[in-house]
Amino acid sequence: MATSPSSSLCSFSLFLSKPSSLPLLKPPLLSLHSPPLKRFISTASELQHDTQAGRRTLLGSPYTKTSPLLSLSTAAIATESATVSHNDTAENEETEKLVLPTNDSSEKLLRIRHTCAHVMAMAVQKLFPEAKVTIGPWIENGFYYDFDVDPLTDKDLKRIKKEMDRIIGRNLPLVREDVSRDEAQRRIMAVNEPYKMEILESIKEDPITIYHIGDEWWDLCAGPHVESTGNINRKAVELESVAGAYWRGDEKKPMLQRIYGTAWENEDQLKAYLHFKEEAKRRDHRRLGQDLDLFSIQDEAGGGLVFWHPKGAVIRHIIEDSWKKTHIEHGYDLLYTPHVAKADLWKISGHLDFYRENMFDQMKIEDEQYQLRPMNCPYHILLYKRKLNSYRDFPIRVAELGTVYRYELSGSLHGLFRVRGFTQDDAHIFCLEDQIKDEIRGVLDLTEEILLQFGFRRYEVNLSTRPEKSVGDDDIWEKATSALRDALDDKGWSFQIDEGGGAFYGPKIDLKIEDALGRKWQCSTIQVDFNLPQRFDVTYVDSNTEKKRPIMIHRAVLGSLERFFGVLIEHYAGDFPLWLSPVQVRILPVTDTQLEYCKEVMSKLKGNGIRAEVCQGERLPKLIRNAEKQKIPLMAVVGPKEAETQTVTIRSSQSKFPLGSRIVEVPRLVQMPKSVESVLYTTPPPLKSLTLQ
């Protein structure tokens, strides 16, 4: 018996004739002001505001009318004034916004976290008198301390937290004392703390400062701290985890126990942070990559080497196709270059002198040394130099999705974010001095176009200027820096100046994208280079037939495909928009009787460029649950009635697709109504509201 559509099901006719364009396959280029999208934004906003009176919403979607109700990225908070936003619908909205402070924005918070590290060390040594202390700094969201002690457990962490609470409750004063180096050495020897002795030897300034907690515990420290432990809200402190860490980060030195904690000014801030952690955990690209069968790191092949599974490879193919198409439209020539080259090439570029620790060992081939490439730049320069270029040829733009290899310690590898082999979306522009501004503006336009395709509408922009050690004349540095600044002003983007933060070879623009959780990710960069053109003697012939040196601009938009894919997974929580989904439609038969018709529908969908599959072998409710777990955007349910009338009943996997419910005929399965098409193109669904009770 055929199932009747419910409010969550939508059947509509889809013509089987092949359309002239396939909107399902195109990256979204819709305006937020388009009527269909405005309707969806309004709907999503209403859902977002559906909270009980008196409850404070902590997380919203940056793509609804409410905008992010809580920015949880510490970097984002610190640089909020320099964030570029394309969320036009949020401009006039009044929303309550809980902003978490940072170490930079709140000295009180920094003092709390630094003091918590000392309180924790005191608690550990009270419970484990044999423990030796090392260092305990504040960090971005809290603090940590390293101990030379037997391995600790989660049960131990609970005991340590209880002891910390007792110390905080005693309201012990934090007292600074200045002592001579000899006195500090005498005290360290008296308590038998060998790591503190090594730390003392590394301190160059005198006198030596010591901070006491009451008269019971002390540590070498420059501060700052709160006045007393009672200034810490013990309900705003939590110990998070314990992990192994080598002393001084050297694997040849002792393994220590590192306890991580988080601390905030009040309980509400801690609750907000913990909610954020849970949401970040739910979006972890390593877990989702496995659950959705997107990618893996195979131990048999080695750490940091990514295997793209069929579904992940489909998404990569879509990203690459979109990237290539956009670059060709913007006047770039595409390249493919080798993965290895003679070691001499890397001597000329300077990588062997300044970058050797990040390069793999060389290999000997026919009495010559070869090197896996860590960068693509020298290859592009060699291609530029294959012929004599005239000033009339400029600008010359070349781009490549080039795989590079960099040595990383196994302990630093992290999913797709830190790998040993990755593909850069690398491009280089050779131009004249008076073309720098226009070329930079062109890169900014291209960057905006590509990032908007993938749903990134907010980003932080930094302009980094000349450092103390640099190459190039003052005049060219000034011209290049002014060109970068003028291009940003011309674009209308707000930005921050990072004085002295440029590379030694030229000024640069760095762009960090903001994801659905408000976290910032460094992806796009534009760098002017005065070094490599000189090293490779890159020239052109000017209007007076004299040889001159062109300006070389490095730039990347996505950074690396692997890292960008990891960011995409976490941004969308694996729930990709329809155009990016590896499987766009899963066809589900109610019984095996409808299987042949399902295969016919799948064949027609695939014939029109829509990624579809048939799934069977289970009862319909389980087939639907499985499709939802795999985050398939659309399910086409087929029962006896649908098979008879040549229709399908469309079910969306998430409430982000408010499709309505109607049954029409089939043969129009590939031409969706524009309103539905617009909805399916929207960026991440509204996050589940996280609230403070």
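Quick note: structure is the one above.
Residues numbered from 1 in each chain as written. Predicted model: local features only at pLDDT ≥ 70, side-chain atom pairs only at ≥ 80, totals over all residues. Heavy atoms only, no water.

Enquirer: How should the sheet that holds strand β17 (residues 368–372) be read in this particular structure?
Expert: Across the sheet, 3 strands lie side by side as β15-β17-β16; this open sheet has antiparallel pairing. Whereas interior strands pair on both sides, the edge strands pair on one side only; in this sheet they are β15 (340–342) and β16 (363–365). Averaged over all adjacent pairs, the angle separating strand axes in this sheet is 40°, with direction ignored. (Pairing = 2+ DSSP bridges. Helix = DSSP H or I, 4+ residues; strand = E, 2+ residues; numbered from the N terminus. Axes fitted to C-alpha atoms, helices over the stretch in contact; angles between N-to-C directions.)

Enquirer: Is there a simple way to explain the packing of aromatic side chains in this structure?
Expert: Each aromatic ring pair is summarised here by two numbers: the centre-to-centre distance and the angle between the ring planes. One pass over the full model with this rule turns up 20 aromatic pairs. Measuring from ring centre to ring centre gives 6.4 Å for Phe 565 and Phe 576, while their planes differ by 10°; the resulting arrangement is stacked. Here Phe 565 is found in helix α16 (residues 561–572), whereas its partner Phe 576 is found in the loop between α16 and β27 (585–589), with 11 residues between them in sequence. The exposure class of Phe 565 is buried, given its relative accessible area of 1%. (Phe/Tyr/Trp six-rings, centres within 6.5 Å; stacked < 30°, edge-to-face > 60°. Buried < 20%, exposed > 50% of the residue type's maximum accessible area, 1.4 Å probe, protein only.)

Enquirer: Any chance you could explain the pairing of strand β26 (residues 551–560) here in plain terms?
Expert: Successive residues of a regular strand alternate their side chains across the two faces of the sheet. Burial analysis of β26 places 10 of its 10 residues in the buried class, the great majority of the element. As judged from the 7 bridges shared by strand β19 (residues 421–431) and β26, these two strands associate in the antiparallel manner. Bridge pairing in β26 links Asp 426 to Ala 556. The pairing of strand β23 (residues 520–529) with β26 spans 5 bridges and is antiparallel. Within β26, the position partnered with Val 528 by the bridge is Ile 553.

Enquirer: Quick question: what am I supposed to make of the environment of Trp 521 here?
Expert: Along the chain, Trp 521 turns up in strand β23. Trp 521 sits 46 residues away from Val 567 along the chain, and the two C-alpha atoms are 7.8 Å apart. In this structure Trp 521 touches Phe 417, Leu 511, Lys 512, Ile 513, Asp 515, Arg 563, Val 567 and Glu 570, once residues within four positions along its chain are discounted. A distance of 2.9 Å separates polar atoms of two side chains, one belonging to Trp 521 and the other to Asp 515. (Contact = heavy atoms within 4.5 Å. Polar contact = N/O pair within 3.5 Å; in protein donor to acceptor, adjacent residues only side chain to side chain.)

Enquirer: I keep staring at the packing of helix α9 (residues 310–329) against α16 and nothing clicks. Help me out?
Expert: Helix-helix packing is described using two parameters, namely the angle between the two axes and the distance between the axes. For the pair α9 and α16, the least separation of the axes is 11 Å and the interaxial angle reads 110°. Between α9 and α16, the angle falls in the class roughly perpendicular. The residues of α16 that touch α9, namely those facing Gly 312, Ile 315, Arg 316, Ile 319 and Glu 320, are Leu 561, Glu 562, Phe 565 and Leu 568. (Parallel < 35°, antiparallel > 145°, perpendicular 65-115°, else oblique.)

Enquirer: Quick question: what am I supposed to make of the sheet that holds strand β8 (residues 208–213) here?
Expert: Pairing between the strands of a sheet is mediated by backbone hydrogen bonds and can be parallel or antiparallel. Here 3 strands make up an open sheet; going across it, the order is β7-β8-β9 and the pairing antiparallel. The sheet terminates laterally at β7 (174–179) and β9 (217–220), the two strands that pair on one side only. Averaged over all adjacent pairs, the angle separating strand axes in this sheet is 25°, with direction ignored. Looking at chain direction, β8 and β9 are connected through 4 bridges and run antiparallel. Among the inter-strand pairings, Ile 210 is bridged to a residue of β9, identified as Leu 220.

Enquirer: When you look at helix α7 (residues 267–282) in this model, what are you seeing that I'm missing?
Expert: The α-helix advances 3.6 residues per turn, and as a result positions three or four apart in sequence lie on the same side. For α7, built from 16 residues, the straight-helix expectation of 22 Å at 1.5 Å per residue is met to within 8% by its first-to-last C-alpha distance of 23 Å. Of the positions making up α7, those classed as buried are Gln 269, Leu 270, Ala 272, Tyr 273, Phe 276, Glu 279 and Ala 280. Where α7 begins, the side chain of Asn 266 points an oxygen toward the backbone nitrogen of Asp 268, at a separation of 3.2 Å. (Expected span 1.5 Å × (residues − 1).)

Enquirer: Even after reading the chapter, I still don't get the side chain of Gln 269, so can you show me in this structure?
Expert: Considering the arrangement of structural elements, one finds Gln 269 in helix α7. Classification of Gln 269 as buried rests on a relative accessible area of 7%. Every residue in contact with Gln 269, bar those within four places of it in the chain, is listed here: Leu 100, Pro 101 and Trp 264.

Enquirer: Help me out: how do you make sense of unusual backbone geometry in this one?
Expert: Most peptide bonds are trans, and most residues other than glycine sit at a negative phi. In this structure, the amide linkage connecting Gly 223 to the following residue, Pro 224, adopts the cis form with an omega of 0°. Within the element layout of this structure, Pro 224 appears in the loop between β9 and β10 (237–246). For the bond from Phe 394 to Pro 395, the omega torsion is 0°, close enough to zero to count as cis. Structurally, Pro 395 can be placed in the loop between α12 (377–384) and β18 (396–405). Not every positive phi belongs to a glycine, and Ala 573 is a case in point at roughly 55°. Summarising the element assignment, Ala 573 is placed in the loop between α16 and β27. With a phi angle near 55°, Lys 631 is a residue other than glycine that sits in the positive phi range.

Enquirer: Please explain the pattern of salt bridges as it appears in this structure.
Expert: One side chain can pair with another of opposite charge once the charged atoms of both are near each other. In the structure shown here, the tally under the stated rule is 46 salt bridges. Glu 163 is the salt-bridge partner of Arg 166, the closest N and O atoms lying 2.7 Å from each other. Of this pair, Arg 166 and Glu 163 both sit in helix α4 (residues 154–169), separated by 3 residues, roughly a single helical turn. We classify Glu 163 as buried; its relative accessible area is 11%. Notably, a salt bridge pairs Arg 466 with Asp 474, separated by 2.7 Å at the nearest N-O pair. Under the relative-accessibility criterion, Arg 466 is labelled partly exposed at 28%. Asp 474 gets classed as exposed once you look at its relative accessible area, which sits at 58%. Salt bridges here are not isolated pairs; linked through shared partners, they connect Arg 441, Asp 445, Glu 448, Asp 490 and Lys 491. (Salt bridge = Lys/Arg side-chain N within 4 Å of Asp/Glu carboxyl O.)

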